[in-house]
Each structure stands twice: as C-alpha cells, then as structure tokens.
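Close look at the chain arrangement
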Amino acid sequence: MKMTQRALLGATVSLALAGAAMAETTITVATVNNGDMVRMQGLMDDFYAKHPDIKVEWVTLEENVLRQNVTTDIATGGGQYDVITIGTYEVPIWGKQGWLESLNDLPADYDVDDLLPAIRGGLTVDGNLYASPFYGESSFLNYRKDLAEKAGITISDAPTWDEIKAAAAAMTDTEAGVYGICLRGKAGWGENMAFLTTMANSYGARWFDENWQPQFDQPEWKAVMTDYVELLTKYGPPGASNNGYNENLTLSLQGKCAMRMDATVSAGALTDPAQSEFADKVGFALAPDAGLGKRANWLWAWSLAVPSSSDAKDAAKTFINWATNKDYLALVASKEGWRNAPPGTRTSLYANPEYAALPFAKMTIDSINAADPTNPTVKPVPYVGVQFVAIPEFAGLATSVGELFSAALAGQKSVDDALAEAQALAVSEMTAAGYIK
Amino acid sequence: MSTQSSRLAARVMVAPSVLLLFIWMVVPLAMTLYYSFRLYRLISPDRTGWVGFTNYLWFINAPEFWLAMGNTLALVGGVLAITVTLGILIALLIDQPVKGQGVLRILVIAPFFVMPPVAASILENLFMHPQNGLFAAVSMSFGAQPILFLQDYPMWSVIAIVSWEWLPFATLILLTSLQSLSSEQLEAAEMDGASALNRFRFIILPHMMRAITVVILIQTIFLLGIFGEIFTTTQGGPGSASTTLPYMIFKQAIAAKDIGRAAAGGIIAVILANIVAYFLMRGIGRHLDT
Amino acid sequence: MARATSPRRKALTTLAAWSVALVIFFPVLWMILTSFKTEPSAVAMPPQLFTADWTLENYAEVWQRSDYPRFFWNSVVLSLGSTLLGLAVAIPAAWAMAFVPGKKTKDLLMWMLSTKMMPAVAVMIPLYLVFLKLGLIDTRIGLVLALMLMNLPIIVWMLYTYFKEIPAEILEAARMDGAGLFKEIVYVLTPMALPGIASTLLLNVILAWNEAFWTIILTTTKAAPLSAFIASFSAPQGLFYAKLSAASTMAIAPILILGWFSQKQLVRGLTFGAVK
C-alpha cells in the first residue's frame with residue numbers, strides 16, 4: 001500500500017517535472033482589430049512552429065476600448081498584458097514614465113537600422129526604443145481619377161490647398177451623390193483634431209508657441225478653420241461633423257468622395273476590387289501645402305511594446321521580434337501578396353521592387369518621409385509630434401477643442417467663437433497643468 | 001401577520017442583500033470621494049496631492065455643465081415618456097388574444113437582446129446615416145433631402161435610440177402586470193356598460209400603477225448613467241449639444257484620464273440622482289406598497 | 001385577461017399587434033439580413049433587399065477570427081451565474097419586504113436602487129483597483145460577483161413587485177397548515193411566483209449578457225464574454241457592418257433562443273388568482 005502510494009507519488013512528481021521542462025510561457029497580447037493585426041493572428045502557425053514553448057493569448061479590441069483597457073492596466077500596474085499595441089502618441093509619454101520595457105536588446109536579426117528613421121524617432125526616448133512599429137502610416141490624398149478627368153482637371157502629385165479647393169468645386173456633383181471632398185469632422189483628438197492639426201501645420205499655425213502659450217487666437221488658425229468649414233460645407237457630404245476615419249473610408253469605397261484626405265494605410269482597401277468597384281480608378285497625391293514648406297500629413301505607427309509590469313518579458317520580446325521583423329513582411333507577402341504586407345515601418349520594404357511597383361507604395365513612403373515629428377510646424381514649437389502634441393494633457397484638451405471645431409462645422413458656432421472658446425479652454429487647461437505660469 | 005418572530009425572520013432574510021449592497025456601494029463611493037479631492041491623472045502619476053474643491057469647481061464651471069445637466073434630464077424624461085406611454089399601449093395590444101402571440105412577444109422584446117453599443121452602431125449607421133442609411137433612402141425616394149439626424153437633432157436621435165433599447169423592458173414588465181388583472185372584474189365592468197376608455201382609466205391603469213412606478217424608477221436609475229450610446233453615435237456633439245453629465249465624466253475618465261475630475265463628476269451625478277429619486281418617490285412612491 | 005372576442009376584432013388586433021411588433025423588431029431583422037450580405041452590399045445605396053449579394057462569408061470569418069465558443073461559454077457562466085446567485089440572495093429579501101413590510105421597507109427598496117446611481121465611468125478606476133488588489137481581474141468569480149451586485153437591486157425590485165401580487169391569505173393558509181418559513185417559501189410562494197421569477201430571471205440574464213462596460217474593463221482573456229467579442233468587430237478599418245451584424249447576430253442568437261423557451265412562462269403570466 002505504502003509502496004504503491006510512493007510509486008504513484010513519484011510518478012506524479014516526475015510527470016510534473018517533465019511538464020515543467022516542457023512548460024509553455026503564455027503571453028497575453030492586446031491589439032487593435034485593424035486589418036493588419038487580424039491578418040497576423042491568422043499567421044500564428046509560423047510563430048508556433050518557430051517557438052513551440054510560447055503560447056499567445058489574444059485580446060483583440062477596437063481602438064477606443066483597447067486604449068481604455070491598456071491605459072488602465074498600465075497606469076495601475078495591473079500586469080494583465082505582456083505585449084500591448086500602442087501608438088506614436090503614447091510611446092514617448094509612457095516610456096518616460098518608466099512603464100515600458102526598452103527594446104534595445106532585441107536580437108541582431110531584428111535589424112533596428114532598417115526601421116524608417118521618422119518612425120523610429122517617434123518611438124525612441126533618450127536613446128531607448130520603447131516600442132517596435134508594426135505598421136506605420138502618414139496621410140495623403142486619394143481621389144477618383146475618372147471624376148477628375150470628367151471635370152477636366154488634373155491633380156498634381158504635390159498639390160496646394162488652392163488646387164484642392166478648385167478641384168473640390170469642379171468635381172462636386174450633389175445630384176449624383178458625389179461630394180468634392182471628405183475630411184474628418186467627428187470630434188476627437190484622433191479624429192478631426194488629427195486632421196486639423198496637420199492642416200494647421202501646413203498653414204503655418206501651431207498649438208503652442210515656445211512658451212506653451214496656446215495659439216488659437218492667431219490669424220493662421222482662423223485661416224485654417226475658415227477654409228476647413230468652407231470646404232466641407234460647400235463640397236463635403238451632408239452631416240460631415242459626424243464623419244470620422246471609418247465613415248469617410250466607407251464613402252470613399254462607395255465612390256462618393258471625389259477626394260479624401262486620410263491615412264495612407266487605407267490605400268490597401270481602396271485599391272482592393274473586392275471592397276470597392278472604384279478600385280482601379282483611385283489616384284493618390286501628397287497631402288496639400290500652402291507654400292510654406294510644410295505639408296498637411298501626419299505620422300503614426302501602431303507599435304508593439306512590453307509593459308514593465310509584464311512577467312514574461314523575454315517571451316514578449318521574442319514575439320515582438322517575430323511580428324515586426326523583415327521576415328514577417330516576407331511571410332505576409334508569401335501568403336497574401338505584397339499588397340497586404342504591413343506598410344510604413346522598414347526601408348527594405350520600399351527598396352523591394354515588387355512592393356515598390358504597387359500604386360500607393362511611393363506616395364506612402366514619400367508622405368512618411370515628409371513628416372518630421374521633431375520639427376512639425378513652420379514656426380518653432382516646444383513639443384514633439386505632428387498631428388498631436390506629445391504631452392499627457394493633449395488627449396483630453398484636444399478632444400474638447402475637437403468638439404468646439406465640430407460644432408463650428410455643424411454650423412452651431414461661428415469659427416470666431418469656436419476659436420475664442422478653444423483658446424480660453426487651452427489657456428485654462430495648460431495653466432492648471434503647470435505649463436503656463 | 002407581522003408577528004414578532006416573522007419580523008425577526010424578515011430582518012434575517014433581508015440582511016444578506018443589504019450587507020452585500022452596502023459593501024458594494026460604500027467602498028467605491030468612499031474611494032470616489034477620496035479621489036474627488038485629489039489631483040490624480042493616470043498618465044502623470046508623479047503629480048498628485050490634495051486639491052480641495054478644485055475638481056468640483058472645474059466641473060461646475062465647465063461651459064457645458066448646465067447644458068449637460070439639462071440634457072441628462074431631457075434624456076431621462078424623454079425616454080421615460082416614450083417607453084412608458086408606448087409600453088402601456090403595446091402591452092394592452094399584445095395582451096389581446098391575437099394570432100401567433102408567442103412569436104409576437106419575442107419580436108417585441110427582441111431589441112432588449114441587442115447589446116447597447118451594437119444597437120447604437122446599427123441604428124446610427126444602417127438607419128440614420130445621411131448617405132447610407134435606410135431613413136435617407138426613404139427621404140430620397142420622396143424627393144426630400146435626407147435628415148441629418150446626428151448633426152441637426154443629436155439629442156432627439158440619442159433619445160430615440162435609447163428608447164428603442166428600453167421599450168421592451170417597459171413593455172415586458174407592464175405586460176406581466178396586466179396579465180395578473182382578473183378578467184372577471186373587467187367583464188363585470190363591461191356588463192355595467194363602462195366604456196373601453198373608462199375601463200382603462202378606472203380599472204386597468206390603477207392596477208398597473210405599481211408596475212409603472214417600478215418601470216419609471218428602475219429606468220431612471222439606468223438612464224441617468226448612460227454614456228455608451230452617446231459615445232458611439234454623436235460623441236456628445238456637435239459641440240456639446242448631446243453631452244450629458246455621465247458623458248462629461250466619461251470624457252474626463254477616458255480621454256483626459258483625469259480620475260480626480262471624473263470622481264468629482266461622479267459625486268455630482270450621485271447628488272443629481274438622489275434629487276431626482278427624491279422627487280420621484282414623493283410623486284409616485286406611494287404606488288409601491290398599495 | 002383572455003376574453004371572448006368577435007373574429008373580426010381579433011383579426012384587427014392581430015393585424016395591429018403584428019404591425020407594431022414588426023416595426024419594433026425591424027432594426028434587429030435588418031441587422032440579421034445585413035449579416036448575410038457582402039460588405040459593399042451592406043452599405044449600398046439605395047439599400048438592397050432583393051438585389052443584395054447574399055453570403056455566409058461573414059459568419060465564416062467571424063467564426064474563424066475569434067474563439068466564439070469560449071466567449072459564449074463565459075457569457076453563459078457570467079449571466080446565468082450572476083442571476084442565479086442574485087435570485088438566491090434576493091428571493092428571501094423580496095419575500096420579507098413584500099409580506100412583512102415595515103415602515104422602512106420603501107426607503108430600503110429605494111436605497112437598494114440608489115446603489116446604482118454612480119455612473120460606471122466615475123468608479124472605473126476605484127473599482128478596477130479593488131479588483132486588482134483582490135486578484136479578481138479576469139476571473140469568472142469576480143465578474144459573477146460584480147454582475148450579481150450590479151443587478152441585485154433590479155432583481156429585488158422585480159421580485160418584490162411580483163410577490164406583492166400574491167394574496168397574503170394563501171400564505172397564511174399554508175402557515176395554518178403548519179408549514180415553516182422555509183417550506184412556505186419553497187413550496188407555496190415559489191411555485192406561485194414562478195412566472196414572475198422566470199421573467200426576472202430572463203430580464204436579468206439579458207442585462208448581464210448585454211453588460212458591455214465592466215465585462216470589458218475587468219477581463220482580458222479567461223473570463224471575457226461576448227461583449228468583448230463584439231468589441232473586436234466594431235469600427236475596424238474599412239467596411240465592417242456585415243461582419244459586425246454577423247457577430248451581433250451570433251451574440252444575440254443564444255439569448256433569443258432562451259427567450260423563445262421562456263416565453264411560455266412569460267406568456268402564461270401569473271397563474272394564480274382569477275385568471276381563466
């Protein structure tokens with residue numbers, strides 16, 4: 001009896017030990033439900049083949065919900081996630097807080113020097129790379145070539161705002177349900193304010209001067225808002241104040257927008273015949289400028305980072321290396337074609353002749369290279385960031401300002417009132433946060 | 001019936017609920033009170049400290065505060081008026097012996113099964129959208145311009161969406177109450193020559209009063225806290241046109257990550273809810289125990 | 001309230017009731033139809049009904065893209081668990097308040113409801129911290145407790161209303177026969193209140209099933225229910241309404257079926273007293 005018990009016990013222990021030797025490390029990866037990330041989840045067989053000792057649990061959520069969950073977790077040291085997907089706005093702020101693990105020690109085959117300099121710069125704080133870009137984007141103009149031809153106009157590869165206004169007027173055909181231009185109008189720091197901040201950059205406006213004094217009372221902002229409201233009310237789709245990224249993309253896919261300015265990453269969808277019957281009629285151009293040396297295009301990278309609170313940092317880094325390595329791009333290309341490779345992160349991708357042949361490849365890389373987060377505006381500014389200001393207070397402030405500007409677009413407020421209120425709001429928030437003495 | 005022992009038994013039986021709910025209420029409430037006097041921003045944890053009433057003052061002095069208070073009450077009042085009125089009518093209608101009653105009732109309560117964020121998203125995009133919505137198609141087939149629901153009538157749109165979600169709840173509770181009404185009483189009244197309207201007014205309505213009160217009170221508490229539907233559809237806009245108090249708190253908690261301000265907003269919301277509840281109890285509370 | 005009515009009147013009320021029901025149901029129907037369309041067809045203008053491209057692809061993709069059975073099972077555990085636990089706590093309380101009312105009963109009821117007055121977002125961080133400290137994040141037991149406490153006031157209220165409809169004399173008769181308190185509740189009250197309990201159960205299962213704030217904040221993978229599943233299908237890049245509709249249809253189908261089965265209870269109404 002005793003013997004059997006012991007034998008059994010021994011067997012259990014040795015089994016348990018064997019189990020421990022083979023034990024999998026489970027990592028929890030939180031990500032947005034954008035197409036490129038969803039595609040990655042379909043390619044996990046490759047990862048498991050290479051790393052049988054790591055098991056990945058996915059938390060896939062839409063952007064707003066993901067941001068809410070991840071921020072709550074990281075700020076309270078919850079430690080629920082081992083890999084998180086965050087954007088260019090969060091990385092420098094969280095990195096400075098010490099919430100993220102430095103990725104400087106990724107293996108050599110990661111080839112950090114292959115990352116696009118602008119993207120890499122946005123994810124680096126004091127020489128530490130705090131997140132690895134999964135895909136990067138800028139913004140550009142997409143338009144329907146057939147409508148431009150019909151209207152007898154050409155849109156140059158590097159248009160000016162005046163050109164855009166004229167083109168919008170020429171192509172608008174409300175009777176046919178075609179609107180000259182679709183721009184973001186929905187309130188939010190990542191919605192209308194992302195677009196308006198880049199437009200402001202090209203107009204010579206800025207959020208703050210060198211002393212963090214808000215600048216909404218300056219004539220440049222007035223010019224931005226006047227033109228924006230005029231463009232959309234005259235040539236935009238009715239109800240534009242409720243259109244964000246997705247609404248405008250939907251309208252573009254349906255051919256209802258003659259022109260649209262938005263993220264370069266939508267090029268894949270726009271040129272996909274399964275999603276749009278206008279796929280072969282799409283043209284691309286750089287975001288417009290006003291002749292002041294800055295174009296209205298942003299810079300963003302959805303990136304993978306390891307929270308300091310993770311208890312499986314090595315496995316997390318192994319995963320990040322797999323997901324953002326050059327080999328991953330090749331893997332996607334081999335399974336689903338180059339068009340579906342995550343764009344905007346690596347120089348080598350754009351040097352690849354097969355990728356460079358895609359209709360949007362050159363415009364995307366030119367747009368990304370034209371954005372400079374450390375020098376985003378015509379006049380000098382104390383902040384980093386193109387379509388955002390990389391300070392913790394920005395998201396809240398810009399969301400409130402975005403509401404005022406969407407009210408101006410909806411015709412509820414005059415441009416002057418909206419700007420005056422935005423200025424008052426920004427001054428009070430910046431004073432409360434201690435930027436202005 | 002209330003003997004000494006049954007009173008004691010009653011206390012013992014109520015105790016678990018009360019105890020659990022007390023803990024559930026008092027812990028978060030105490031923490032919220034604490035944070036409401038603190039500077040606490042999730043993203044800048046190094047800047048903390050006591051700030052007195054600053055967070056409260058910020059809330060009350062925010063330009064949209066009074067508008068948001070008004071909108072909150074409008075949302076509650078609007079949805080209550082719609083769901084209770086329609087709920088009574090629909091309950092009366094589907095209580096009649098009609099063909100396919102079972103299926104019918106499932107259809108009527110089906111909106112309640114749809115998750116609120118989905119309901120809002122579906123109604124916004126497949127129905128109210130000015131270019132792709134069904135309503136726009138209807139307008140255009142009559143040669144009219146599509147109505148810009150979310151831009152021109154944001155508050156009404158939100159009220160409509162929330163009403164659609166909550167109508168089944170009201171209908172179901174009112175229907176259950178209606179079914180407990182004795183038919184003999186109604187038949188007797190009918191034989192006495194009471195008109196349909198009078199039967200409704202003097203027999204059916206008084207009988208349903210307790211259920212109506214319950215619907216009003218429960219819904220009020222839920223409706224006072226609604227923000228998800230607003231975020232999905234209008235984002236509180238355009239401007240602040242459809243901003244409610246919970247949505248203001250939502251913005252502080254989620255966009256600005258200012259937990260101190262959100263906590264102060266929460267305390268203000270509790271005070272508002274108590275005021276509303278007080279007047280509701282004064283107004284209709286007596287129907288509860290009859 | 002079933003009364004004899006003329007066939008003509010029955011036809012008319014049938015017509016009216018069905019029209020109303022279809023209007024209310026229409027958005028759900030439209031959503032279900034949309035789930036079978038291709039994405040471009042789902043947002044086509046004018047809206048397509050007979051000309052749409054029908055497909056099952058959305059379901060295939062939704063099924064393939066996420067672990068539906070796990071989310072589904074979590075939803076079942078969380079909503080049923082929290083509701084049953086809630087009923088166990090609430091039935092005695094509601095009994096006491098309905099049949100042994102004191103001066104403070106109404107205040108107590110109102111106080112219970114007042115525990116729901118704090119907007120969820122305002123206590124997001126405090127509650128998250130509590131759950132974190134107790135190690136309850138992403139656990140089913142934590143979520144069951146949270147949902148139970150969230151809905152407990154509603155359960156008590158609904159049961160209270162239904163119990164109030166039961167004539168106290170019946171209970172007294174039972175007591176005369178020497179039934180103890182426990183027996184009185186289990187053998188006399190509960191069977192009589194069964195339709196009320198069923199409707200409370202159904203409504204609270206739905207409320208818990210649909211809860212989409214705390215269930216997302218407090219879970220990551222292990223305890224995540226269908227609300228988190230839905231949140232992975234809304235607003236991605238590009239067209240998504242057909243997929244969102246498919247995901248939503250998959251999320252409501254189980255509860256629709258539950259509603260179907262429990263409708264007999266709901267329809268029968270309260271079976272005591274003078275009905276029929």
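The rules we used
- Residues numbered from 1 in each chain as written.
- Chains lettered and ligands numbered in written order.
- Predicted model: local features only at pLDDT ≥ 70, side-chain atom pairs only at ≥ 80, totals over all residues.
- Helix = DSSP H or I, 4+ residues; strand = E, 2+ residues; numbered from the N terminus.
- Buried ≥ 20, exposed ≤ 12 C-beta atoms within 10 Å, placed from the backbone.
- Contact = placed C-beta atoms within 7 Å.
- Rg over C-alpha atoms; globule rule 2.2 N^0.38 Å.
- Pairing = 2+ DSSP bridges.
- Axes fitted to C-alpha atoms, helices over the stretch in contact; angles between N-to-C directions.
- Domains from an automatic or database assignment.
- Nonpolar A, V, L, I, M, F, W, Y, C, P; charged D, E, K, R; others polar.
- pLDDT = per-residue confidence, 0-100.
- Core = buried A, V, L, I, M, F, W, Y, C linked by C-beta atoms within 7 Å.
- Parallel < 35°, antiparallel > 145°, perpendicular 65-115°, else oblique.
- Left-handed = near helix turned anticlockwise from the far one by under 90°.

A count of helices and strands for chain C gives 12 helices and zero strands. The order of α-helices and β-strands along chain C, N terminus first, is α-α-α-α-α-α-α-α-α-α-α-α. With respect to the principal axes defined by its C-alpha atoms, chain C has extents near 70 × 65 × 30 Å. Relative to its 276 residues, chain C shows a buried fraction of 54%. A sequence separation of at least 24 residues applies to 76% of the contacts in chain C between residues at least 6 apart.

Next up on the list: the overall build of chain A. The number of helices and strands found in chain A is 19 helices and 11 strands. In terms of C-alpha radius of gyration, chain A reaches 24 Å, essentially the compact-globule figure of 22 Å for 437 residues. With the C-alpha coordinates aligned to their principal axes, the bounding extent of chain A is approximately 90 × 55 × 35 Å. Expressed as a percentage of its 437 residues, the buried residues of chain A come to 56%.

With 98 residues of chain B at the interface, the matching set in chain C holds 94 residues. Sort the elements by how many residues they give to the side of chain B that touches chain C and helix α1 (residues 4-36) of chain B lands first, with 18 residues.

This part covers the sheet that holds strand β11 (residues 300-305) of chain A. By way of backbone hydrogen bonds, the strands of a sheet pair with one another, either parallel or antiparallel. Residues and elements named next belong to chain A. Read from one edge of the open sheet, five strands run β2-β1-β3-β11-β6, paired in mixed fashion. Every interior strand has two partners, whereas the edge strands, β2 (54-61) and β6 (132-137), have only one. Strand after strand, the sheet turns through a mean of 15° between neighbouring axes, direction not considered. Sheet analysis places β6 next to β11, joined by five bridges and oriented antiparallel. Bridging across to β11, G136 finds its partner in A301. Set on the sheet, helix α4 (residues 63-75) makes contact with β1 (25-32), β2 and β3 (83-86); between it and β1 the angle comes to about 130°.

Residue and element names in this part refer to chain A. Reading across the sheet, the four strands line up as β8-β9-β7-β10 and stay open at both edges, with mixed pairing between neighbours. Bordering the open sheet on either side are β8 (179-182) and β10 (282-286), each of which pairs with just one other strand. Neighbour-to-neighbour, the strand axes of this sheet turn through a mean angle of 20°, independent of strand direction. The sheet contact formed by β8 and strand β9 (residues 257-263) spans three bridges and is parallel. Residue C182 lies in a different strand from β9, and its bridge partner there is R260. The strands that helix α17 (residues 361-370) touches are β7 (139-144) and β10; relative to β10, the one it contacts most, it runs at about 20°.

Moving on, we come to the domain arrangement of chain A. Residue and element names in this part refer to chain A. Partitioning chain A into domains gives domain 1 (24-137 + 300-356) and domain 2 (139-297 + 391-432). Here the C-alpha centre of domain 2 lies 29 Å away from the C-alpha centre of domain 1. Contacts between the two partners involve seven residues from domain 1, matched on the other side by five residues from domain 2. Its residues assigned to classes, the side of domain 1 that touches domain 2 shows three nonpolar, two polar and two charged.

Moving on: the confidence of the model for chain A. Residue and element names in this part refer to chain A. Residues at a pLDDT of 70 or more form 95% of chain A, whose mean pLDDT is 91. Averaged pLDDT values over the elements of chain A bottom out at 48 in helix α1 (residues 2-21) and peak at 97 in helix α10 (residues 219-235). Between residues 10-21, whose pLDDT stays under 50, and residues either more than four places distant or in other chains, the model counts zero contacts.

Interfaces are often sized by the amount of accessible area the parts lose when they come together. Listed as interface residues are 25 residues of chain C and, on the opposing side, 27 residues of chain A. Within the residue set of the side of chain C that touches chain A, elements represented by two or more residues are α2 (39-42), α6 (124-133), α10 (214-217) and α11 (226-231) of chain C. Per-element accounting of the side of chain C that touches chain A gives the leading share, four residues, to α6(C). Taken together, the residues of the side of chain C that touches chain A break down into 15 nonpolar, seven polar and three charged.

Residue and element names in this part refer to chain A. In this structure, D126 takes a positive phi of about 50° despite not being glycine. Topologically, D126 is positioned in the loop between β4 (124-125) and β5 (128-129). Even without being a glycine, W212 presents a positive backbone phi close to 65°. When you line up the elements, W212 lands in the loop between α9 (192-203) and α10.

This part takes up α17(A). Most of α17(A) is tucked away, with seven of its 10 residues classed as buried. Buried residues of α17(A): A361(A), M363(A), T364(A), I365(A), S367(A), I368(A) and A370(A), and no others.

Residue and element names in this part refer to chain A. For β7, a buried count of six out of six residues is recorded, marking the element as mostly surrounded by other parts of the structure. Of the two faces of β7, the one carrying S139, L141 and Y143 and the one carrying F140, N142 and R144 are both buried. Where β7 meets β9, five bridges bridge the pair, whose relative direction is antiparallel. Bridged to Y143 within β9 is M259. Looking at chain direction, β7 and β10 are connected through five bridges and run antiparallel. By the bridge assignment for β10, R144 is matched with V282.

Next up on the list: the nonpolar core. Within the largest apolar cluster, 326 residues are counted, with the highest numbers of intra-cluster contacts made by F319(A), A94(C) and L159(C). Looking at which element gives the most residues to this core, the answer is helix α7 (residues 140-164) of chain C, with 17 residues. Here this core spans two domains, since at least three of its residues come from each of domain 1 (24-137 + 300-356) and domain 2 (139-297 + 391-432) of chain A. Ignoring anything within four residues of it in the chain, the contact list for A94(C) reads V156(C), L159(C), Y160(C) and F163(C).

A separate point is the environment of N58(C). Residue and element names in this part refer to chain C. Tracing the sequence through the fold places N58 in helix α3 (residues 57-65). Distance in space between the C-alpha atoms of N58 and A246 is 6.1 Å, their sequence separation being 188 residues. For N58, the contacting residues outside a window of four places in its chain are S35, A242, K243 and A246.

With that settled, the discussion passes to the packing of helix α5 (residues 116-128) of chain B against helix α8 (residues 154-179) of chain B. All names here are of chain B. Contact geometry of α5 with α8 gives a least axis separation of 10 Å together with a crossing angle of 125°. What the angle tells us is that α5 and α8 run oblique. As α5 packs across α8, the resulting crossing turns out to be right-handed. Listed contacts from α8 to P116, A119, A120, L123 and M128 of α5 are S157, I161, W164 and E165. Its residues placed into classes, the contact of α5 with α8 shows seven nonpolar, one polar and one charged.

Moving on to the confidence of the model for chain C. With 91% of its residues at a pLDDT of 70 or more, chain C has an overall mean of 85. Note on the complex model: pTM 0.91, ipTM 0.88.

Among the secondary structure elements, I154(C) is positioned in helix α7. Overall, the presence of 23 C-beta atoms within 10 Å leaves I154(C) in the buried class. For the pair formed by I154(C) and L203(C), sequence separation is 49 residues and the distance between their alpha carbons is 9.4 Å. Residue contacts for I154(C): discarding those within four places in its chain leaves I218(B), N204(C) and L207(C).

Now for the environment of L175(B). All names here are of chain B. Inspection of the secondary structure puts L175 in helix α8. The sequence separation of L175 and A255 amounts to 80 residues, and the corresponding C-alpha distance is 42 Å. Setting aside chain neighbours within four positions, we find L175 in contact with A91, I94 and D95.

As a further point, take the pairing of β1(A). Residues and elements named next belong to chain A. Counting buried positions along β1 yields six of eight residues, so the element is predominantly enclosed. Relative to β2, β1 is paired through eight bridges, and the arrangement is parallel. Counterpart to T31 in the pairing with β2 is T60. Taken together, the two bridges between β1 and β3 define a ladder with parallel strand orientation. Residue V29 lies in a different strand from β3, and its bridge partner there is V83.

Now for the packing of helix α3 (residues 65-95) of chain B against helix α1 (residues 7-34) of chain C. With their axes 9 Å apart at the nearest point, α3(B) and α1(C) run at an angle of 135° to one another. Our classification of the angle between α3(B) and α1(C) gives oblique. As α3(B) runs across α1(C), the sense of the crossing is left-handed. Every residue of α1(C) that contacts α3(B) at I90(B), L93(B) and I94(B) is listed here: T13(C), A16(C), A17(C) and V20(C). When its residues are assigned to classes, the contact of α3(B) with α1(C) shows six nonpolar, one polar and no charged.

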